[in-house]
Amino acid sequence: MLEFFTDFPDMSRRDLRDFKLSIDGTFREFSRANGEAIEGFFDPLLWFLIWLEKLLVATPWPFILLIVGGLAYLGSRSWKLAVGSMISFILIGYFGMWEDTMSTIALISVATLLCVAIGMPLGIWMAKSDRVQSVITPILDVMQTIPIFVYLLPVLMLLGIGKVPGLIAVCVYAMPPMVRLTNLGIRLVDKDVLEAANAFGANDRQKLFGVQIPLALPNIFAGINQTIMMALAMVVIASMIGVRGLGIPVLQAIQNQYLALGFMNGLAIVGLAIIFDRVSQKYGKRLQQHRGGHDHG
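Residues numbered from 1 in each chain as written. Predicted model: local features only at pLDDT ≥ 70, side-chain atom pairs only at ≥ 80, totals over all residues. Heavy atoms only, no water.

Chemist: Describe the overall build of the chain, with residues and values.
Modeler: Along the chain, the regular secondary structure elements total 14 helices and zero strands. Starting at the N terminus and ending at the C terminus, the chain contains elements arranged as α-α-α-α-α-α-α-α-α-α-α-α-α-α. Dimensions of the chain along its principal axes, counting C-alpha atoms only, are 75 × 55 × 45 Å. Contacts spanning at least 24 positions in sequence make up 76% of the contacts within the chain whose residues lie at least 6 apart. Here the chain has roughly 17700 Å² of accessible surface; of this, 66% comes from carbon and sulfur atoms. Across the chain, the 23 positively charged side chains and the 21 negatively charged ones have centroids separated by 8 Å. (Helix = DSSP H or I, 4+ residues; strand = E, 2+ residues; numbered from the N terminus. Contact = heavy atoms within 4.5 Å. Areas by Shrake-Rupley, 256 points an atom, 1.4 Å probe, with all protein chains shown as cover. Lys, Arg positive; Asp, Glu negative; His and termini not counted. Charge placed at Lys NZ, Arg CZ, Asp CG, Glu CD.)

Chemist: If you had to explain the packing of helix 10 (residues 191-199) against helix 11 (residues 204-233) to someone new, which residues and values would you point to?
Modeler: Helix 11 packs onto helix 10 with a crossing angle of 160° between their chain directions and a minimal axis gap of 11 Å. In terms of orientation, helix 10 lies roughly antiparallel with respect to helix 11. The interaxial crossing formed by helix 10 with helix 11 has right-handed handedness. On helix 11, the residues that touch Val193, Leu194, Ala197 and Asn198 of helix 10 are Lys207, Val211, Gln212 and Leu215. (Axes fitted to C-alpha atoms, helices over the stretch in contact; angles between N-to-C directions. Parallel < 35°, antiparallel > 145°, perpendicular 65-115°, else oblique. Left-handed = near helix turned anticlockwise from the far one by under 90°.)

Chemist: So what about the nonpolar core? Which residues, and what values?
Modeler: Phe89 and Leu232 are the most contacted members of the largest nonpolar core, which totals 65 residues. Of all the elements, helix 5 (residues 98-128) adds the most residues to this core, at 13 residues. Residue contacts for Leu232: discarding those within four places in its chain leaves Thr104, Ile108, Ile269, Leu272, Ala273 and Phe276. The next biggest cluster of nonpolar side chains, apart from the first, holds six residues, and it includes Val155, Leu158, Val164 and Ile168. (Core = buried A, V, L, I, M, F, W, Y, C linked by side-chain atoms within 4.5 Å. Buried < 20%, exposed > 50% of the residue type's maximum accessible area, 1.4 Å probe, protein only.)

Chemist: Report on the packing of helix 5 against helix 11, specifying residues and quantitative values.
Modeler: Taken N-terminus to C-terminus, the directions of helix 5 and helix 11 make an angle of 140°; their axes are 9 Å apart at the nearest point. Between helix 5 and helix 11, the angle is such that the two are oblique. Here the hand of the crossing between helix 5 and helix 11 comes out right-handed. On the side of helix 5, the interface is formed by Thr104, Ile108, Thr112, Cys115, Val116, Met120, Ile124 and Lys128, while helix 11 contributes Leu208, Gln212, Ile213, Ile220, Ile224, Thr227, Ile228, Ala231 and Leu232. For the contact of helix 5 with helix 11, the per-class residue count stands at twelve nonpolar, four polar and one charged. (Nonpolar A, V, L, I, M, F, W, Y, C, P; charged D, E, K, R; others polar.)

Chemist: Go over the pattern of salt bridges with me, naming the residues and quoting the values.
Modeler: A full pass over the atoms with the stated rule returns eight salt bridges. The shortest N-O distance in the salt bridge between Arg17 and Asp18 comes to 3.7 Å. Assessed through its relative accessible area of 48%, Arg17 is described here as partly exposed. Using a relative accessible area of 37% as the deciding quantity, one classes Asp18 as partly exposed. One salt bridge connects Asp130 with Arg187, and the closest N-O pair in it is separated by 2.9 Å. One end of the pair, Asp130, is in helix 6 (residues 130-145); the other, Arg187, is in helix 9 (residues 176-187), with 57 residues separating them in the sequence. On the basis of relative accessible area, Arg187 is assigned to the partly exposed category, the value being 29%. (Salt bridge = Lys/Arg side-chain N within 4 Å of Asp/Glu carboxyl O.)

Chemist: Break down helix 7 (residues 148-159) for me, citing the residues and quoting the values.
Modeler: The terminal C-alpha atoms of helix 7, which comprises twelve residues, lie 16 Å apart, in line with the 16 Å expected from a rise of 1.5 Å per residue. Of the surrounding secondary structure, the elements contacted by the buried residues of helix 7 are helix 2 (13-58), helix 8 (163-174) and helix 12 (235-239). Within two residues after helix 7, Gly160 carries a phi angle of roughly 75°, on the positive side. (Expected span 1.5 Å × (residues − 1).)

Chemist: Any details on the side chain of Ser31? Residues and values, ideally.
Modeler: Structurally, Ser31 can be placed in helix 2. If we skip the residues at most four places from it in the chain, Ser31 touches Met157 and Leu158.

Chemist: Give me the packing of aromatic side chains: which residues, what numbers.
Modeler: Here the structure, examined in full by the defined rule, presents eight aromatic pairs. Centre to centre, the rings of Tyr73 and Trp79 are 4.3 Å apart; their planes meet at 25°, and the pair counts as stacked. Tyr73 gets classed as partly exposed once you look at its relative accessible area, which sits at 25%. Each ring, one from Phe221 and one from Tyr283, has its centre 4.8 Å from the other, and the planes form 65°; the classification is edge-to-face. Highlighted residues: Phe221 in helix 11 and Tyr283 in helix 14 (residues 259-296), separated in sequence by 62 residues. (Phe/Tyr/Trp six-rings, centres within 6.5 Å; stacked < 30°, edge-to-face > 60°.)

Chemist: Tell me about the environment of Leu81, and name the residues and values.
Modeler: Mapped onto the fold, Leu81 is located in helix 4 (residues 79-94). Leu81 sits in the buried class, given a relative accessible area of 16%. The spatial distance from the C-alpha of Leu81 to the C-alpha of Pro177 is 25 Å, given a sequence separation of 96 residues. Discounting residues that sit within four places of it in the chain, Leu81 has contacts with Ala72, Ser76, Arg278, Val279 and Lys282.

Chemist: Go over helix 2 with me, naming the residues and quoting the values.
Modeler: Between its first and last C-alpha atoms helix 2 spans 57 Å; for 46 residues at 1.5 Å apiece the expected length is 68 Å, and the helix comes up short by more than 12%. The sharpest bend along helix 2 comes to roughly 55°, located at Asn34. Within the sequence span of helix 2, burial applies to Ser31, Gly35, Ile38, Leu45, Leu49, Leu52, Glu53 and Leu56. (Bend = angle between axes of the 7 residues up to and from the residue.)

All we've got here are geometric facts, nothing functional implied.
If you want it as structure tokens, here you go:
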């Protein structure tokens, strides 16, 4: 009788082994049957990522510096931030990390575009329906908390080692804030504003694109900001499965205990994160001020 309280009633080892083997076998069969079709589906994405990476690497460095400074200024309207961004890139290049940085920017850019393209419509859909929100929220919780290596395993079994599994891993980890903050932004739109839009005869599409999304933009940009930060945090993990970039030298530094190599490439990732963060935050604040001006008007 005491054994019942001290030993938890668990499945027998044989049944547990058979259960695990059946799951593994089923997934292997699925992988063999559909692996090529799934790889074919992701081919355009792989082509775009390789094209962007080659373009960035082949572009003369002064042009990249001008583009970085120009985009930083357009986003933040701050000369200090634009000059600081250019100096950061000069230091990255000077210490021999230029090509790896271009590869990382290509990965982060494609991952962010994917997260926005999928996450924003999902967030809007959640905002329109409480039932959809109740279904998607636990999925987002799982995406944010499940260990990365757990979902890397099925992706690697289906697609093998390469850029696409790395991109998928980055997107799974980085997409939830985009979905959550888009949903929040749309739901926070003042009901009085929507009633006014209804009074002017606006249909659902006009209300969404003319009222709700413009008013939710500060929240949406906060989501994009968080997505970029989380994507950069995944750079080292992505390098483990064959994605070029700043993560590979960090990985080599860990394996061989090279302090300087790991520290320098780590600082380059931090530099990119700070530039992206400051520019997108300043842009979000400007949108907020613009919106505030309209509210008072």
